[in-house]
Structure formats: C-alpha cells, structure tokens
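If you want the building blocks of each chain, they are given just below.
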Amino acid sequence: MKNILISYCDDEPLNLQFSYPRISEKDYNQFYDIVELSENGDHQKSIVLLQQLVMKYPEFVDAWTHIGFAHQSIGNTIDCISHFTTAVYLCKSSLPSDFNQITHKILWNEGDNRPFLRACHALGLEYQNLEMHDDALNLYLFILDVNPDDNQGVRELVCECYLGLKQYKKFIAFYNKHRSGSMTGMDISYALALIASGKTVEAESWIKASAVRYSNLWKELIKKTHRKPKNPMFDLGFVTSSGVDAAYSYWNRYNKYWLQVEGSLDYVRQAISEKSVKK
C-alpha cells in the first residue's frame, strides 16, 4: 500500500516505523469520536461512518480494524474476520522487500505501529474462536518476533494454541523460554502440559509448589459446580491475577483443554488434597 510509509529508526536501523501521512489530525479526531460511538453501543452507525473513512483513506488500518470490532460486537463473524484480514494485509504488503520477522522489529512503543499489531492480535483471536489454532499461532508468533516486549499478552495465547493443537512438548519448551515473564494462565496450564506429556510427578510437584499462590484457581478447576462471580467489574472485563474471579475466568476458558486429557483433573485433586499439601 503506497500510502503507508515505513521508515527505519536512526538509532536502531532494524526497527521499523509505520506512518500514514495522508490522514489528517481532523480525520483522526473523527475516527476517535466514531470509536467512542461504537463503545457506547451504536455499532451500526459506527460501521457506516468508519466505512466512509476507509473510502477516503484506504490505508486507514485502524479504521478497518474497528469496523471489524463493530461487526464482532453484533455477531457478524465473517464481516469481522474480513475487515481484520484487510487491515493485516495492508500492513504486511507495505513491509520492505528485505523484511525478516526474526531480525526486524515493529515495536508497540511506536504509536503508529500499533494498528498493525492490534489487527494481528484481533485476527488471531477470531481464528482461535473458530479453533483455527495453526493460523492463530502463526500470527501470535509473528507478533512476538517483531515486538518481543509483548505488550498485548500474546505469550499466553501462544500457550493456549499449543493446548488446542495438543502440542504439549512445544508448550513446555515455550513456557520454559518465557518462564520469567509468565502469566497466570500459562502457569496453571503448564501443569496440564506436563501431565499430557507423561511428566506426572513433575506436574504434581508444580501444583503443590503453587498451591498457596493459586489456591482459588486449583480449587475452581476441580469443583463440580462453577458459578460466575457476581461482580460488575468482572462483566466489564476486569479480572484479578489470582482471585475467585480469575479462577472462574480461567476455568471458563481452559476447562475444555483439561477435559481433553483424560485423568488430568485427578492429578490436581491429589496434589492439592490435605494429605499432599504441607501446611
């Protein structure tokens, strides 16, 4: 896309910076107003207005992505994916011919790089929802390569894709590489990957070692009945790191992966039983 410019940082020649020189400040302000309109629930009107923006500026990547978000909000999966795909394509087709995702960086801290990274992330999530784990994984690994600081929490999504693909050894290798920056979902699911790989002793040891820190999460996994927290903040997407809300959220998203490994929850029950955990 000729109207998307990519330059190299003077101090870091392998760091790329996107820019959209044709889009004026006035049009950006209009875009932000339309996004706010959509966030307040008027998705159909926001779609119409955003479509007007991309007709004027076909290179307006964030507008394409937010049309996708609006379609997502009203359940139009095909239109949602179509617009996310367009946003990703516009950016990828603008990359220099010598682009190498291992050596070149597209960092989140450069504001105009964010539309590309945001579009990749959004498309990956839609692929996951359709259980297209390979496609999602490729996007997430791309994001991590070009933005290793991982401002979008992609590491956990990579691990989830490995669970969906039943590639437990790859999960373990990836987790060990990123252990110092692991997230709650990665920590809990690490035990599952160990169990599925036949490393049950190591898994039980891991569960015991984290029994206090993640007490709510381990207990939620083995409950017979799971109740959604009665917390308005939970409904707004705010979740603590290890509280009862985080426990329910983890179970709700990951329970299907535990159920695909026969007997996995029995190891959790054994490991956190009163006889197994030293007080």
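In this text, all values refer to a predicted model and were calculated from it rather than measured experimentally.

Analysis parameters
Residues numbered from 1 in each chain as written. Predicted model: local features only at pLDDT ≥ 70, side-chain atom pairs only at ≥ 80, totals over all residues. Heavy atoms only, no water. Helix = DSSP H or I, 4+ residues; strand = E, 2+ residues; numbered from the N terminus. Buried < 20%, exposed > 50% of the residue type's maximum accessible area, 1.4 Å probe, protein only. Contact = heavy atoms within 4.5 Å. Areas by Shrake-Rupley, 256 points an atom, 1.4 Å probe, with all protein chains shown as cover. Lys, Arg positive; Asp, Glu negative; His and termini not counted. Charge placed at Lys NZ, Arg CZ, Asp CG, Glu CD. Pairing = 2+ DSSP bridges. Disulfide = S-S within 2.5 Å. Expected span 1.5 Å × (residues − 1). Arc of directions from axis to C-beta. Axes fitted to C-alpha atoms, helices over the stretch in contact; angles between N-to-C directions. Left-handed = near helix turned anticlockwise from the far one by under 90°. Parallel < 35°, antiparallel > 145°, perpendicular 65-115°, else oblique. Nonpolar A, V, L, I, M, F, W, Y, C, P; charged D, E, K, R; others polar. Salt bridge = Lys/Arg side-chain N within 4 Å of Asp/Glu carboxyl O.

Visitor: Explain the overall build of the protein to me, please; I cannot follow it from the model alone.
Guide: In terms of regular secondary structure, the protein is built from 14 helices and two strands. In terms of its C-alpha atoms, the protein occupies a principal-axis envelope of roughly 65 × 40 × 30 Å. Considering the protein as a whole, with its 279 residues, one finds that 47% of them fall into the buried category. Long-range contacts, defined as pairs at least 24 residues apart, comprise 60% of the intrachain contacts of the protein with a sequence gap of at least 6. Carbon and sulfur atoms provide 50% of the accessible area of the protein, an area that totals close to 14800 Å². The averaged location of the 33 negative side-chain charges in the protein is 10 Å from the averaged location of its 30 positive side-chain charges.

Visitor: Can you help me understand the pairing of strand S2 (residues 16-19) in this one?
Guide: Within a regular strand, the side chains alternate between the two sheet faces. By the alternation rule, side chains of S2 split into Leu-16 and Phe-18, which are all buried, and Gln-17 and Ser-19, of which none is buried. With four bridges joining them, strand S1 (residues 5-8) and S2 adopt antiparallel strand pairing. Its bridge partner being in S2, Leu-5 is matched across the sheet by Ser-19.

Visitor: Whenever I open this one, the state of the cysteines confuses me. Can you help?
Guide: Among covalent bonds in proteins, the disulfide is the one between the sulfur atoms of two cysteines. Per the stated rule, a full pass over the model turns up zero disulfides. Considering cysteine sulfurs only, Cys-120 is the nearest to Cys-80, which forms no disulfide, with 14 Å between them. For Cys-80, a relative accessible area of 0% corresponds to the buried category. With no disulfide of its own, Cys-159 lies 9.4 Å from the sulfur of Cys-161, the closest cysteine sulfur. On the basis of relative accessibility, which here comes to 2%, the residue Cys-159 falls in the buried class.

Visitor: Looking at this model, I keep getting lost on helix H1 (residues 25-39). Mind explaining?
Guide: Owing to its 3.6 residues per turn, the α-helix aligns residues three or four sequence positions apart on the same side. Compared with an ideal rise of 1.5 Å per residue, which puts 15 residues at 21 Å, H1 spans 21 Å between its outermost C-alpha atoms and is within 8% of the ideal. Along H1, the residues that are buried comprise Asp-27, Phe-31, Ile-34, Val-35 and Ser-38. Seen from one end, H1 has its buried residues packed into an arc of 105°, which puts them on one side. Turned more than 90 degrees off the buried face of H1, the exposed positions are Glu-25, Lys-26, Asp-33 and Glu-39.

Visitor: Can you walk me through the packing of helix H4 (residues 77-92) against helix H5 (residues 114-129) in this structure?
Guide: At their nearest, the axes of H4 and H5 sit 9 Å apart, and the two run at 145° to each other. Between H4 and H5 the crossing geometry is left-handed. For the pair formed by H4 and H5, the contact residues are Thr-77, Cys-80, Ile-81, Phe-84, Thr-85, Ala-87, Val-88, Cys-91 and Lys-92 on the first element and Phe-116, Ala-119, Cys-120, Ala-122, Leu-123, Glu-126 and Tyr-127 on the second.

Visitor: Just to check I follow, could you spell out the environment of Tyr-175 for this structure?
Guide: You can see Tyr-175 is positioned in helix H8 (residues 168-177). Take Tyr-175: its relative accessible area is 1%, and that puts it in the buried class. Sequence spacing of Tyr-175 and Met-186 is eleven residues, and the spatial spacing of their C-alpha atoms is 7.2 Å. Apart from the residues within four sequence positions on either side, Tyr-175 is in contact with Ser-182, Met-186, Asp-187, Tyr-190 and Trp-206.

Visitor: Sorry, what's going on with H8 here?
Guide: For H8, the full list of buried residues reads Tyr-168, Phe-171, Ile-172, Phe-174 and Tyr-175. Each element contacted by the buried residues of H8 is listed here: helix H6 (133-146), helix H7 (154-164), helix H9 (184-196) and helix H10 (200-209).

Visitor: Just to check I follow, could you spell out the packing of H10 against helix H14 (residues 264-272) for this structure?
Guide: Helices that pack against each other are described as a pair by the angle of their axes relative to one another and the distance between those axes. Contact geometry for H10 and H14: axes closest at 9 Å, N-to-C directions at 50°. Between H10 and H14, the crossing angle belongs to the class labelled oblique. Considering the relative orientation of H10 and H14, their crossing is right-handed. Of H14, the residues touching H10 (which contributes Thr-200, Glu-204, Ile-207 and Lys-208) are Tyr-267, Val-268, Gln-270, Ala-271 and Ile-272. Class assignment of the residues belonging to the contact of H10 with H14 gives a composition of five nonpolar, two polar and two charged.

Visitor: Teacher, can you tell me more about the pattern of salt bridges here?
Guide: Side chains bearing opposite charge may pair, as long as their charged atoms lie close to each other. Scanning the entire structure with this criterion turns up eight salt bridges. One salt bridge in this structure joins Arg-22 and Glu-59, with 2.9 Å as the shortest N-O distance. Of the two residues, Arg-22 is situated in the loop between S2 and H1 and Glu-59 in the loop between helix H2 (43-56) and helix H3 (61-73); the sequence distance between them amounts to 37 residues. The partner of Asp-187 in a salt bridge is Arg-213, and the shortest N-O contact between them spans 4.0 Å.

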